[in-house]
Amino acid sequence: MGKLLCKCGHVIVDQTDDLPYKGYFIKDTHVEELYEIFDHIKDLIEALKVNKREEWVVRNFGNEPYALELSDADLIHDLWLRKVKVSTIYNCEHCGRILFEQGGENRFKTYIEEPDEAHN
Ligand SMILES: [Zn+2]
């Protein structure tokens, strides 16, 4: 992803894994796709046992030669990216705003916490 500029001026850096200010949003209508990934991984393991890796790749990636070059771990990673529709979310550590990915990559909408109503 790289870097993202928050409206407060803070630069949100995304160049490593395990970022505490980064998350993912999966709509309930797409959560089933997340579970289906496990079935595809199970199928891949079975295919590897019987030397049918290439058939599995063609079944899941179609006629894309690059996929045959991928490691098993990268196959699973790419499969996840293809099958599960997730939106990336960042929480600005400086101002607390939420930057919510919209549709295409690198398009974000910004949300900011509303102040609590006064109770006096
Ligand atoms: Zn900010």
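See above for the structure.
What counts as what
Residues numbered from 1 in each chain as written. Predicted model: local features only at pLDDT ≥ 70, side-chain atom pairs only at ≥ 80, totals over all residues. Heavy atoms only, no water. Donors = N, O, S within 2.8 Å, 3.2 Å for Na, K, Ca; no water. Helix = DSSP H or I, 4+ residues; strand = E, 2+ residues; numbered from the N terminus. Buried < 20%, exposed > 50% of the residue type's maximum accessible area, 1.4 Å probe, protein only. Pairing = 2+ DSSP bridges. Axes fitted to C-alpha atoms, helices over the stretch in contact; angles between N-to-C directions. Salt bridge = Lys/Arg side-chain N within 4 Å of Asp/Glu carboxyl O.

1. Looking at the coordination of the zinc ion
Item 1. The zinc ion binds to the protein through Cys 6 (SG), Cys 8 (SG), Cys 92 (SG) and Cys 95 (SG); the donor distances cover 2.2 to 2.3 Å.
Item 2. Read N to C, the donor residues that coordinate the zinc ion are spaced as C-x1-C-x83-C-x2-C. Here the residue Cys 8 occupies a position in the loop between β1 (2-5) and β2 (11-14), and Cys 92 occupies one in the loop between β4 (87-91) and β5 (98-101), the gap between them amounting to 84 residues.
Item 3. Assessed through its relative accessible area of 3%, Cys 92 is described here as buried.

2. A word on the sheet that holds strand β6 (residues 108-111)
Item 1. Here four strands make up an open sheet; going across it, the order is β3-β4-β5-β6 and the pairing antiparallel. On the outer flanks of this sheet lie β3 (22-25) and β6, each paired with one strand and no other. The mean angle between the axes of side-by-side strands here comes to 25°, regardless of whether they run parallel or antiparallel.

3. Notes on the pattern of salt bridges
Item 1. All told, the structure shown has four salt bridges when counted by the stated rule.
Item 2. Ionic pairing is found between Lys 22 and Asp 14, a salt bridge with its closest N-O pair at 2.9 Å.
Item 3. The residue Arg 82 makes a salt bridge to Glu 64 at a minimum N-O spacing of 2.6 Å. With a gap of 18 residues between them, Arg 82 in helix α4 (residues 72-83) and Glu 64 in the loop between α2 (53-61) and α3 (65-69) connect regions that are remote in the sequence.
Item 4. A relative accessible area of 37% means that Arg 82 is categorised as partly exposed.
Item 5. Exposure remark for Glu 64: the relative accessible area of 33% places this residue in the partly exposed category.

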